[in-house]
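Notes for the structure review
For reference, the chains in residue letters:
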Amino acid sequence: MGKRGDAERETGRPAAEEPSAEGASARRGGNGRTPLGNYKSDRRTASRSRALVRLLPAVLIVAGVIFDEAAPPRFNASPLYAAAPLIAAPFFSLLGTVATGAVALAAVSLLQWQAGTLGEVDSTTELLTILTCGLLAVLSNRVVSRSGEELATARNIAEAAQRAVLPIPAERIGGFDVAARYEAAQADALIGGDLYAVQETPHGVRLLVGDVRGKGLGAVEAVAVVIGAFREAAEQESSLEMVAQRLERALAREGVRREGLDQFEGFTTALLAEIPPGQSVVRTVNRGHPEPLLLDRDGRVRVLVPAQPALPLGMGDLGAWPDRSDTAPFPSGAILLLFTDGLTEARDRRGVFYDPAARLTGRRFGAPDHLLETLSEEVRVHTGGGPQDDMALLALRRP
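All figures in this text were calculated on a predicted structure; none of them were measured in a lab.

The rules behind these values
Residues numbered from 1 in each chain as written. Predicted model: local features only at pLDDT ≥ 70, side-chain atom pairs only at ≥ 80, totals over all residues. Heavy atoms only, no water. Pairing = 2+ DSSP bridges. Helix = DSSP H or I, 4+ residues; strand = E, 2+ residues; numbered from the N terminus. Contact = heavy atoms within 4.5 Å. Axes fitted to C-alpha atoms, helices over the stretch in contact; angles between N-to-C directions. UniProt positions renumbered as here; feature names shortened; annotations may be inferred. Core = buried A, V, L, I, M, F, W, Y, C linked by side-chain atoms within 4.5 Å. Buried < 20%, exposed > 50% of the residue type's maximum accessible area, 1.4 Å probe, protein only. Parallel < 35°, antiparallel > 145°, perpendicular 65-115°, else oblique. Nonpolar A, V, L, I, M, F, W, Y, C, P; charged D, E, K, R; others polar.

A word on the sheet that holds strand E10 (residues 335-339)
Strand pairs in the sheet, formed through backbone hydrogen bonds, run parallel or antiparallel to each other. Taken in spatial order, the 6 strands line up as E1-E2-E11-E10-E7-E8 in an open sheet, and their pairing is antiparallel. Looking along the sheet, the strands with just one partner apiece sit at the ends: strand E1 (172-173) and strand E8 (301-303). Relative to strand E2 (residues 176-183), E1 is paired through 2 bridges, and the arrangement is antiparallel. By the bridge assignment, Ile173 is partnered in E2 with Phe176. Those strands touched by helix H11 (residues 368-383) are E2, strand E7 (293-295), E10 and strand E11 (391-397), and its axis lies near 25° from that of E2.

Regarding the sheet that holds strand E9 (residues 326-329)
Pairing in this open sheet of 5 strands is antiparallel, and the strands run E3-E4-E5-E6-E9 from one edge to the other. Two strands lie at the open edges of the sheet, namely strand E3 (194-201) and E9, each paired on one side alone. Averaged over all pairs of adjacent strands, the angle between their axes in this sheet comes to 20°, without regard to strand direction. By the bridge criterion, 5 bridges tie strand E5 (residues 268-275) to strand E6 (residues 281-287) in an arrangement that is antiparallel. Bridge pairing in E6 links Glu274 to Arg283.

Brief notes about the UniProt feature "transmembrane region" (unreviewed entry) in the protein chain
UniProt's entry tags residues 51-67 and 87-111 with the feature "transmembrane region" (unreviewed entry), counted in the numbering of this structure. Counted over residues 51-67, helix gives 100% and strand 0%. Its end C-alpha atoms are 25 Å apart. Within the segment residues 87-111, helix and strand shares are 80% and 0% respectively, and the terminal C-alpha atoms sit 22 Å apart.

Here we look at the nonpolar core
Core analysis: the largest hydrophobic core is formed by 50 residues, its most contacted members being Leu207, Leu208, Leu272, Phe330, Leu394 and Leu396. If you tally residues by element for this core, the top one is helix H6 (residues 216-236), at 9 residues. Excluding residues within four positions of it along the chain, Leu396 makes contact with Phe176, Asp177, Val178, Val198, Val205, Leu207, Ile275, Phe330, Ala334, Ile335 and Leu336.

Regarding the packing of helix H3 (residues 78-88) against helix H4 (residues 94-115)
Between H3 and H4, whose axes approach to 8 Å, the crossing angle comes to 170°. Between H3 and H4, the interaxial angle falls into the category roughly antiparallel. Seen from H3, the contacting residues are Tyr81, Ala84, Pro85 and Ala88; seen from H4, they are Thr97, Thr100, Gly101, Ala104, Ala107, Val108 and Leu111. Tallied by class, residues from the contact of H3 with H4 come to 8 nonpolar, 3 polar and no charged.

Shown next, in the form of structure tokens:
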């Protein structure tokens, strides 16, 4: 959760033209609002590699036939035929694995018949070897298939539980266009220690973005506590400051039952925002979190720096003072961007941080999901792969 210094910020980048909606839509796999995995390009590469491996059994059988036709009679390609069904087992269906073994046996039998050696001791031994490997391949296929089904079931359960903790917000809330994105640094993870929430309340639309210290199950548990407390407090409390205090007390209760270092040093940076009904302003309470950005229609970017710095949630033992909200104009057509430090601390190979304020200045975005898609792609390019830390993005646009 380290903060970057001013000397490490990139500055002076020229304004760039925003890609068209059609181009952005063509690059998106969906509507841009669902949490995505970090490594789609890696998965596409793995898919291509898998397709090539699936061709290998056929290549081995063909190579075996060519070798047997060209080599002297005392040499044979039985290792190639035996390997074909074994390689097919983890990638093919049961029928495909059986078919591969049958083709290998048929090819060897035909070659032996043509050579007049079918039924001899050596030829029979070769056929039995290939048959044994084929039966082992069928057994392996069943084991792999059963393991894959169990893994798929476990993933579905985990995904359902994680979606319950960090649900996808509606596309439109309280008259505002909303988009959210979560990219976990760990491959195949859906959520980690970062969080976001947006909710329409009697006091206006309220938003939360936070970053829990630590990783693993303990961080996910803290995420659930913070989001649950926010959902309740956002409805009941009349001010954003009181919502922050409710979150503080919830984390204090959570810290009592946590173990190890987190029991004493657990904390959560958080940014709370509120758009009151009928007012063109946004109020924010910043508890040690990266400052949000306000993108105007003309391409101007404003950093919403708090007037008074405050400690993260869960660190109330180090000092107590009342929360004070900051107010900034939020005109029509503007986009409010909230994010975690996975965005601002993304480094390139030279160690230079990604600076969203400098990168976005002078650019125009017609919709929040276009903005988040652009940020995600630029971070991936900037880091040469994906975020080094979990990254949560939440954008809200006043129509």
